[in-house]
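Residue-level listing of the chains:
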Amino acid sequence: QVQLVESGGGLVQPGGSLRLSCAASGSIFSINVRGWYRQAPGKERELVATITSGGSSTNYADSVKGRFTISRDSAKNTVYLQMNSLKPEDTAVYYCNARHITNRGMNYWGKGTLVTVSA
């Protein structure tokens, strides 16, 4: 079994920072934790950032480029999302996403962590 647990969300003022963590456990050798998505109420879940399995390449949504940084610590089976210069429109539940290494159509999700950016 694979389990993804997100943490680090909370309430922050505009311009503030948060660091999200995604810890993977279980059958970790069969998955690749590839990135972060977010979903606001009434909106579609959207891709925020991805990172290659080796951590050598990253990709970001245009809305977060220059403000967010994704990274991984393979030894800890953890992927991070450093969020700086937060805006109210960043408010959403943030989800960690993983895919099976050999079956790319098999997706895994955490339960999400809520980020609220408000004055």
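Here is a short report on the structure shown in this document.

About the cut-offs
- All residue numbers refer to position in the chain's written sequence, counted from 1.
- Only residues with pLDDT of at least 70 get local features here, since the model is predicted, and only at 80 or more are side-chain atom pairs given and counted; chain-wide, interface and lining totals rely on the full set of residues.
- The side-chain values count all of the structure's non-hydrogen atoms but skip hydrogen atoms and water molecules.
- Per the convention used, a helix needs a DSSP run of H or I reaching at least four residues, while a strand needs a run of E reaching at least two, with both numbered from the N terminus.
- Classification of residues uses two cut-offs on accessible area relative to the type maximum, computed with a 1.4 Å probe and protein chains only: under 20% is buried, over 50% is exposed, and between them is partly exposed.
- Any pair of residues with heavy atoms lying within 4.5 Å of one another is described as a contacting pair.
- Cysteine sulfur atoms are paired as a disulfide whenever they fall within 2.5 Å.
- Between rings of Phe, Tyr and Trp, where Trp is taken as its six-membered ring, a pair exists when centres lie within 6.5 Å; planes separated by under 30 degrees are stacked, by over 60 edge-to-face, and by other angles tilted.
- Paired strands, in this sense, are two strands between which DSSP finds at least two bridges.

## Considering unusual backbone geometry
Right, so step 1: Of note in this structure, Asn77 is not a glycine but carries a positive phi near 50 degrees.
Right, so step 2: Along the chain, the position of Asn77 falls in the loop between strand 7 (68–73) and strand 8 (78–83).
Right, so step 3: Of note, Ser85 is a non-glycine position whose phi angle comes to about 50 degrees, a positive value.
Right, so step 4: A relative accessible area of 42% means that Ser85 is categorised as partly exposed.

## Describing the environment of Val5
Right, so step 1: Within the secondary structure layout, Val5 lies in strand 1 (residues 2–7).
Right, so step 2: Take Val5: its relative accessible area is 44%, and that puts it in the partly exposed class.
Right, so step 3: Each C-alpha atom of the pair Val5 and Thr78 lies 9.5 Å from the other, and the pair is 73 residues apart in sequence.
Right, so step 4: If sequence neighbours within four positions are ignored, Val5 has contacts with Ser21, Cys22 and Ala23.

## A closer look at the state of the cysteines
Cysteine pairs can be covalently joined through their sulfur atoms, and such a bond is termed a disulfide.
Right, so step 1: Counting across every chain of the model gives one disulfide.
Right, so step 2: Disulfide partner of Cys22: Cys96, at an S-S distance of 1.9 Å. On the sign convention where negative is left-handed, the bridge of Cys22 and Cys96, at about -80 degrees about the S-S bond, is left-handed. Highlighted residues: Cys22 in strand 3 (residues 18–26) and Cys96 in strand 9 (residues 92–100), separated in sequence by 74 residues. With respect to burial, Cys22 and Cys96 carry one shared label: buried.

## Quick look at the packing of aromatic side chains
Right, so step 1: The final tally for this structure, using the stated rule, is one aromatic pair.
Right, so step 2: Plain terms: the ring middles of Tyr37 and Trp109 are 5.0 Å apart, the flat faces sit at 75 degrees to each other, and that makes the pair edge-to-face. Here Tyr37, found in strand 4 (residues 31–39), pairs with Trp109, found in strand 10 (residues 107–109); they are 72 residues apart in sequence, far enough to count as distant.
Right, so step 3: Accessibility expressed as a relative area gives 14% for Tyr37, which makes it buried.

## Some words on the pairing of strand 8
Right, so step 1: Counted residue by residue, strand 8 has five buried out of six residues, so it is predominantly covered.
Right, so step 2: Inspection of the sheet shows strand 3 paired to strand 8 by six bridges, in the antiparallel sense. What sits directly across from Arg19, in strand 8, is Gln82.
Right, so step 3: As consecutive antiparallel partners, strand 7 and strand 8 are separated by four residues, and within that stretch Asn77 has a phi angle of approximately 50 degrees, a positive value.

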